[in-house]
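Observations on chain architecture
Listed here are the chains, written in short residue letters.
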There are 2 protein chains.
Amino acid sequence: MLEGPRVVGAALDRHAALERVYVGTGAATAFAPLVARLHGAGVSVVELKEGVLEKVGLTRTPQPVLAVASAASLAFGPIAGTGAVVIAVDVADPGNLGTIIRSAESAGADGVVACGNSVDLHNPKVVRSSAGALFGVTVMQADDPMDVLNTIGASGRRLIGTAARGGARYDEADLAHPCALVVGNEARGLDAAVQERLDVLVSIPMAAAAESLNVAMATTVVLFEAARQRRLAGVDR
Amino acid sequence: MLEGPRVVGAALDRHAALERVYVGTGAATAFAPLVARLHGAGVSVVELKEGVLEKVGLTRTPQPVLAVASAASLAFGPIAGTGAVVIAVDVADPGNLGTIIRSAESAGADGVVACGNSVDLHNPKVVRSSAGALFGVTVMQADDPMDVLNTIGASGRRLIGTAARGGARYDEADLAHPCALVVGNEARGLDAAVQERLDVLVSIPMAAAAESLNVAMATTVVLFEAARQRRLAGVDR
């Protein structure tokens, strides 16, 4: 479920398969351009009677526009491309996972795999905080992180773990060639079994006093460093 | 007001001047190590009767630990250092401003100035999303953005504006020497008067389909590029 006119519009921008859209009383008028786009895309728009939206929406303040999208296959499989992918292991917070997906799309990454005990990709807060990016970049869900690491490692991507401290400088690692950024749980980071499987562990140098960035911000920084290195190496524009 | 044991702990880490801490029923036991640190720092801890916390806290789910910090002077004035500062003009969302402050501290920036119609630095959501960084990096509030730009520009910092598109590549700009990153409103960006006063406008290249990063994420990316350039230039470790 997609909540809010902005996310619904962003999903349309990315040609997401929307099954149906529900709008609250008066919203068809207030969001006329969006409704016209939905009609143009062949999506049926249902106007809800007063008071219904409040019972359907999941946010505290009900959003005037809700959409239901068909669940695309999120099964883990081969990932095309020669850029970076993100492997999120046990990322628990939906806002963090959504932000990682948004950054991955913006930075031109090849995909995001959520595995282990990571929050479900269909979680409405993941959808919302991805700001539509869920429909613009390959996303997959898998169970066993070791399976994912083995498969992606075998496909020729270097496995680059990220840790709050103790790793090599992230900007001195080669991020221009096929790689997977492995990011861990908000509180515990990456567990020992995952760390052993990595090709390299990197960290972002922090100013002395500061507590580390959260996992979404750190992943954003590393993803854009990868994009920068790829432009510099001439593999991307 | 600081809400939650993590923010209160982070403020203590940074030697924030806490006036008093209020804890809910049972929280003094549940958060005994934090309470011991507070006593050690000479901060008085008041246990609230059942039901009181719910009326005082500002979050939907009341936090078990609240602190009141004396409002430090946030008046605009000279900013020490030779690194980057952030000038936030009309940044409206408290989560964005808090995240910018958190990134500024982590990246070793010299300060953050919130001006124009930016959200108040005392806003509890700014405090919360800064994760204590509000007490670890210089933050100031000012009214007229042009005054801020003129004063900081005259102090020898290059004024580097950020825009979703149309600017020079951010990683090709010189961010190693004294500069101010000027970031604008979430919806409107930087207005014409501000843009005219800039030395240069930069943008982060985006993968084709993607909508731009939000202002907090974009600022994070540019701040860590500045830190990277400074390490490379040998001005920072």
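Predicted model, so just to flag it, every value in this text is computed and none were measured.

This part is about the relation of the copies chain A and chain B. Between the two copies of the chain lies a relationship made up of a rotation around an axis and a movement along it. Expressed as a screw operation, the relation of chain A to chain B combines 0.0 Å of axial shift with a rotation of 180°, fitting to an RMSD of 0.0 Å. Within this description, the copies of the chain are treated as partners about a two-fold rotation axis. The rotation axis passes nearest to the C-alpha of Val221 of chain A in chain A, at a distance of 2.7 Å.

Now for the nonpolar core. Residues Leu18 and Ile101 of chain A together with Leu18 and Ile101 of chain B are the most contacted members of the largest nonpolar core, which totals 111 residues. When neighbours within four sequence positions are excluded, Ile101 of chain A is seen to be in contact with Val112, Leu121, Val126, Ser130, Ala133, Leu134, Val137 and Val139 of chain A.

Once that is clear, we can look at the pairing of strand S6 (residues 111-115) of chain A. Residue and element names in this part refer to chain A. Most of S6 sits out of view: 5 of its 5 residues are buried. Alternating residues of S6 divide into Gly111, Val113 and Cys115 and Val112 and Ala114, and every residue in both groups is buried. Relative to S6, strand S5 (residues 84-89) runs parallel, the two being bridged by 5 bridges. Bridge pairing in S6 places Val85 opposite Gly111. Once you follow S5 into helix H5 (residues 94-106) and on to S6, the crossover reads as right-handed. Bridge analysis of S6 against strand S7 (residues 139-141) gives 3 bridges, and the strand direction is parallel. Bridge pairing links Val113 to Met140 in S7. Chirality of the crossover, the property in question, places the unit of S6, helix H6 (residues 124-129) and S7 among those that are right-handed.

Position of Arg228 of chain B among the secondary structure elements: in helix H9 (residues 215-233). Residues within four places of Arg228 of chain B in sequence aside, it is in contact with Tyr170, Asp171, Glu225 and Arg228 of chain A. In terms of polar contacts, Arg228 of chain B uses its side chain to reach the side chain of Glu225 of chain B, at 2.9 Å.

Moving on: the domain arrangement of chain A. All names here are of chain A. Domain annotation for chain A reports domain 1 (2-69) and domain 2 (84-233). For domain 1 versus domain 2, the distance between C-alpha centres works out to 31 Å. Domain 1 puts 10 residues into the contact, and the matching count from domain 2 is 9 residues. Regarding the contact of domain 1 and domain 2, the summed buried area is about 750 Å², with carbon and sulfur atoms giving 69% of it. Here domain 1 and domain 2 share 2 salt bridges between them. A salt bridge links Glu3 to Arg128; its shortest N-O distance comes to 3.2 Å. Taken together, the elements giving at least two residues each to the side of domain 1 that touches domain 2 come down to strand S1 (2-3) and helix H1 (5-13). Looking at the side of domain 1 that touches domain 2, the element that brings in the most residues is H1, giving 3 residues.

Residue and element names in this part refer to chain A. The 7 strands are arranged S7-S6-S5-S10-S8-S11-S9 in an open sheet whose pairing can be described as parallel. Because the sheet does not close on itself, it has two edges, and the strands there are S7 and strand S9 (168-169). In this structure, S9 lies alongside strand S11 (residues 200-203), joined through 2 bridges in parallel fashion. Across the sheet, Arg169 pairs through a bridge with Ser203, a residue of S11. Along the sheet, helix H9 (residues 215-233) makes contact with S5 and strand S10 (179-183), crossing S10 at roughly 165°.

Quick look at the interface of chain A and chain B now. Listed as interface residues are 31 residues of chain A and, on the opposing side, 31 residues of chain B. Interface area, chain A with chain B, both sides summed: about 2700 Å², of which 54% is carbon and sulfur. Where chain A packs against chain B, one counts 4 salt bridges. Between Arg231 of chain B and Asp171 of chain A there is a salt bridge, and its shortest N-O distance comes to 3.1 Å. In this assembly, chain A and chain B are joined by 4 residue pairs in polar contact (both at pLDDT 80 or more). Counting only elements with at least two residues in the side of chain A that touches chain B, the list comes to H5 and H9 of chain A. With 7 residues, H9 of chain A is the largest single contributor of residues to the side of chain A that touches chain B. For the side of chain A that touches chain B, the class distribution of residues is 13 nonpolar, 7 polar and 11 charged.

A few words now on the environment of Gln229 of chain A. Residue and element names in this part refer to chain A. One can find Gln229 in helix H9. Separated by 58 residues in the primary sequence, Gln229 and Asp171 place their C-alpha atoms 8.8 Å from one another. For Gln229, the residues in contact, after removing those within four places along its chain, are Tyr170, Asp171, Ala173, Asp174, Leu175 and Ala176.

Inspection of the secondary structure puts Ala32 of chain B in helix H3 (residues 32-40). When its relative accessible area of 36% is taken as the criterion, Ala32 of chain B is described as partly exposed.

Calculation notes
- Residues numbered from 1 in each chain as written.
- Chains lettered and ligands numbered in written order.
- Predicted model: local features only at pLDDT ≥ 70, side-chain atom pairs only at ≥ 80, totals over all residues.
- Heavy atoms only, no water.
- Least-squares fit on C-alpha atoms with pLDDT ≥ 70 in both.
- Core = buried A, V, L, I, M, F, W, Y, C linked by side-chain atoms within 4.5 Å.
- Buried < 20%, exposed > 50% of the residue type's maximum accessible area, 1.4 Å probe, protein only.
- Contact = heavy atoms within 4.5 Å.
- Helix = DSSP H or I, 4+ residues; strand = E, 2+ residues; numbered from the N terminus.
- Pairing = 2+ DSSP bridges.
- Right-handed = clockwise from strand over helix to strand, strands pointing away.
- Polar contact = N/O pair within 3.5 Å; in protein donor to acceptor, adjacent residues only side chain to side chain.
- Domains from an automatic or database assignment.
- Buried area = accessible area lost by both parts, 1.4 Å probe.
- Salt bridge = Lys/Arg side-chain N within 4 Å of Asp/Glu carboxyl O.
- Axes fitted to C-alpha atoms, helices over the stretch in contact; angles between N-to-C directions.
- Nonpolar A, V, L, I, M, F, W, Y, C, P; charged D, E, K, R; others polar.

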